[in-house]
Structures are given as C-alpha cells and as structure tokens.
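Geometric and topological summary
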Amino acid sequence: MIMKRYTKYITILIASVAAFASCSNFDDMNKNPYVLYETNAESFVQPMIYNAEKTIVNSNYSVLSSIMQYVVSTNYENSAQLAYNYVISENYTQNLWSLYNQYGNAQYMLELARKEQNPAMVGVALVMRSFIAHILTDTYGNVPYSKAGLIALQGDKFEYTTPYDRQKDIYTDLLRSLEEANASFAKAEEMVETGALADDNFNAMCDFMYDGDVEKWRRFGNSLYLRLLMRVSLKVNEESGGIVSLGEEYGDINVIAKINEIYDCYLSGSGTYPVMRGLEDSARVEFKSTDSALYTPFYSTTSGNWKSMAACSTLVDKMIISYSSATEDTESIWDPRYFRMFTKAKGAPTQIMREDMREYFEEQLSSAGNSLIGRYPSGVYTGTHIGDLKMDATYAIMNYDELLFIFAEAGVRNWIPMGQKAYKDLYLEANRQSILQWQVGWETATDYYTASSPAVINFLDYLDNEFDYNKALETIMRQKYVAMFWVGVESWADYRRTGYPILKTNGPAAENRGILPTRLRYPATEAFQNAKWHTEALNDWLGGENNMQTDVWWASTAESQALRRLGRQ
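Residues numbered from 1 in each chain as written. Predicted model: local features only at pLDDT ≥ 70, side-chain atom pairs only at ≥ 80, totals over all residues. Heavy atoms only, no water.

**What to know about a negative patch on the surface**
This is how the line gets drawn: Two joining distances apply to patches: 9 Å for like charges and 5 Å for nonpolar side chains (Val, Leu, Ile, Met, Phe, Trp, Tyr), and every residue must have over 30% relative accessible area and no salt bridge. For every accessible area listed, the method is Shrake-Rupley and the probe measures 1.4 Å; residues are considered covered only by the protein chains on display. Any carboxyl oxygen of Asp or Glu within 4 Å of a side-chain nitrogen of Lys or Arg constitutes a salt bridge here. Charge assignment in this entry is limited to Lys and Arg as positive and Asp and Glu as negative, and neither His nor the chain termini are counted. A charge is said to be at NZ when it belongs to Lys, at CZ for Arg, at CG for Asp and at CD for Glu. In this text, helices come from DSSP runs of H or I with a minimum length of four residues, and strands from runs of E with a minimum of two, each type numbered from the N-terminal end.
Where like charges cluster on the molecular surface, the negative patch consists of E355, D356, E359, E362 and E363. Relative to the helices and strands, E359 resides in helix α12 (residues 354-363).

This is the structure we're talking about:
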C-alpha cells in the first residue's frame, strides 16, 4: 500500500500539483469566509474524508470504545475521567461536534459540484455530507442540519447561529440525499456513455480511499443508504407502517421494501442500487506515520496513554470462548480477530470502583510478574499476535461485512423473505469477511490468515454449530458488535436501536443512573455561541437538561427500551 502511494505521487505529481495544493490548504476554507478561493469540487474529497475519519477514530479511542465495553481505562489518577463508568468530560463530548468543520466543507463542495454541472461530484458530495451528518445526529440527537455549514455560502450576510433540526426530519433528508446521490451517479454514467462527459472518475490524488473511482463511491453511497434505512426501520414501522415521505421528486418510500430492493441488487450484482461486492469496496481511510499530510490519529499519543486502555471482559468473553466438547471437558475457541485488537487473552471488568480495578490488575500477573490483561497493540508482535492498531494503515468508515449483517438481520425479522438457511449463511459469511478484513495489509506476516486457514475454519464451524435459531437475532447482533469494533458509532447505534448485545450497565461505579449513555451532551460552547437555539433544543426534547438518558428518535422503540432495561436488572 505504501509503495503504491509513493509511485502514485511520483507519476502524477506534475499533472496534479494545483489540485493537491488546494487540498493541502483545505482546512482554512471555512475559517475565513472573507477570502475567495479558486478550486474545484474534487479537491475537497481527500482532506475532508481524512479529517472526518481522524476525528471519529479519536472518539473511538477516547470514549466510544469505553462506553461500548470494548475497553476499560487503567488510568488511576484521581482526576482521570473514566468513560466506561459514564463520567464523560467536556473535551470528549465536543470532539465529534468538530465534524461541523467537515460538514461545512461538504456543503461548499456540493455547491461547487452543482456549479460545475458535474453529477459525479454532486453524488460524492451528497454521500460525504450524509455520512458526516448521520454521525452528528446519531451522537447528539437533534442537531443543526438544514441551516448548518453555510457560512462560506452566505456572501455578505454572515449568520453564525443556526437552529437545531429534529432527528426525524434530518433522517428524512438523509435518505432523500442518498437517493439523489445514486441518481446523480447514474446520470454521470449516462453522460459518459453518450459522450457528454469524457470521464466520470476524478483525480486519484484527491481521493486516497477509492482513487477517484466513482463506481466505488456509488457502491459506498448505496451501502450507507442501507445502513441508514436499517437505523430508522424499527421506529418508522412503529410510527407509520414503514413509510417515509422523501418529497415531491422521490415520493413516499417503504423502508422495508427499499431494503428488499437493495438486497435484490446485491444478489444480482446489478440493478438501480449497486452496493459493495467485497473487501475491495470497503470504505477505509488511509493514514501514514511518515507523511505529515496523512498522519495517523495517534501519531502524538504517548505509549503510556495508549497502553492505559485494557481489553474489557465483555468483549473478551465473546471472542475467546470456553465450551464443552465430546473429547474434552473444556476447550477454547479463539476469534482470529482478537490478537489484531489486543495483545493478551484476558480482559478487565467494567463499571467497578477505582480501587477494585487497581486490585484486579495487581492480581492478574504471570509468574514473571507481567500483566495478563490485553492492551491495544502498537507495533508488530511475534507469537500469538500481529498488528498495529495505533499506526494502522487504514481505519474503517464502513466495511463490506456490515452489509451482510444487515441483510441477515432483515432475514431474521422476515423483512426479506429468505428462510433460515439463507440468513444463517449471510451471518457466517459476514463473520468470515470481517475476519479477512483484519488480515488486509498483513499478507507477509507469519500469522496471516486466509479463508482456508484452520483458525478461520474452526471458528466459523463453531459459530455454525452453536447458532441458535430461537435466539437468531441476538446471535447475529452479538457477532455484529464484535465486527463493528472501531467502526464509527455503529455498535453504539445498534445497541440503542435493538437493545443488543445485552450489556450490564449498572455496575457499582456506573454513573448516569446506570444507563448506558443514549447520546452525548451538546458541547458547553453551544450555550453561549448559539444560545437561543441551544436553549430551544434543550426545552424541545430534553426536558430542559442536557442529559445522557433521553433516547434519540430512532432508538425510542418499545423493543429496544425493554431489552436495554435488562442490563440494569
């Protein structure tokens, strides 16, 4: 991957220097609305997607992984904020709010693409805007949306405050935007076929994720559409029988029917909504530890801070499983992904008192005095582990396996008529693809796994044999939870949407009334920078308090709330 990029730099540097320069200075564009810039739409893609994913990955490290019981902090300082106990500091809550910088860039890119009359870039801009916006609203609930990110487009009128939109309205427009994106990509393809457009692809130097391949962007856009359709499915079914009105141009859609339509396109490999077809289509953002323009999110994170995050037993117990067999009283099956995520095979409990955590770690030592608790990997290890989560070459926006998990869930719910064998096969293939995704980039390593490796076959055989059709939905969501490790806000969103996996949330040290946070608080800066609209938002749906116990719109279903209560019993 690194050599590929260096070759690309050398071979097309001269032809793309202007575009690359505009990309490299991209962060200044929304900071000074008085300056006029000469640029084109495609130059926005790489810096926007890089900076957005860098923000999201940092939030996974600092708060989201702790909330979702992937890790616990071993920082014993009295002043330490322990997110796994739901003590979430202000700098954590405002981190994802900074995505508004990239949301404004997406708005500006969309305006440029329309002026250029370039439907391919209109599609890319709509996909990026929808991706960024769904992270914002899934994190905070009602947020600025329809009037947000427009400072650079206001001309001589500068309005820096903006109202908050209700999440239901935001999602309606997100679905509409992704319909428009798909239609724009289709229009670009038609224009190429008729000769009206020479090429719908764009400069690869402005897109290190897909190298300017618009067909891959279209597949990503429709896969994101599927994610968001599933996100709202339970709530929309409860409220309106599955119908969402997307306005005059796209009319009413039935969410379940649309999921079926996308599934048919997946099966046939053709149709109106092409989606990801394999690992090569996964949306993963490239980072480097050797290039200041692409520095990894944890380039400056000290070794001590990095290693302070320990594996949580909630996740470990789902990945290293003890069971009875015909030949042995107890055997263990290892998830092949585990040693890409952590260094050792034990986890620590969550939501316990600080002194109890310290005591637990003091007890978990080998005969040589080394800790037995897994930590985030940094650097290449020999023996049981390879990997470098700290300096990974790519981090995921959306992996291919997510589609398969979504289709499997839809099959279990009988939204897609497919039968038990079909949804079980999708579930097993989703796990296979997730495992193989973690092997990408380690092809020359001793412990590199392929689909035919015994470790992979044995683990999938275990999942096959242990599949419980009476608990099929819980089984699928439990493994999807593992697969969504460090993929945006997905595991947190799935938990709030479905109630799975069942997580204990009321341990002795748990704050927030023993409720796993339903949202993050609005940043304190909103109270004075956007005072009028912030106060209105608090009073509109949060009862006047910027709390972490009120469900966002799509999570406020009877099914989800009942299952989440089990974790507090």
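**Here's the deal with unusual backbone geometry**
Our working rule: Only protein chains enter the accessibility calculation, which uses a 1.4 Å probe; a residue whose area is less than 20% of its type maximum is buried, one above 50% is exposed, and one in between is partly exposed.
Put simply, Y500 and P501 share a cis peptide bond, and its omega is -5°. Secondary-structure assignment places P501 in the loop between α17 (490-498) and α18 (526-529). With a phi close to 70°, Y86 is a non-glycine residue in the positive phi region. Considering the arrangement of structural elements, one finds Y86 in the loop between β1 (71-73) and α3 (90-95). Since its relative accessible area comes to 3%, Y86 is described here as buried. Despite not being glycine, N512 shows a phi value in the positive range, around 60°. Among the residues examined, N512 registers a relative accessible area of 10% and is labelled buried.

**Brief notes about the pattern of salt bridges**
Using the criterion set out here, one finds 29 salt bridges in the structure. Salt-bridge contacts for D335 lead to R337; the nearest nitrogen and oxygen are separated by 2.7 Å. As a salt-bridge pair, R497 and E409 come within 2.8 Å of each other at their nearest N and O atoms. On the criterion of sequence distance, the pair formed by R497 in helix α17 and E409 in helix α13 (residues 400-412) is long-range, its members being 88 residues apart. With respect to class, R497 is no different from E409; both count as buried. A single salt-bridge network, built from bridges that share partners, covers E409, R413, K480, D494, R497 and E559.

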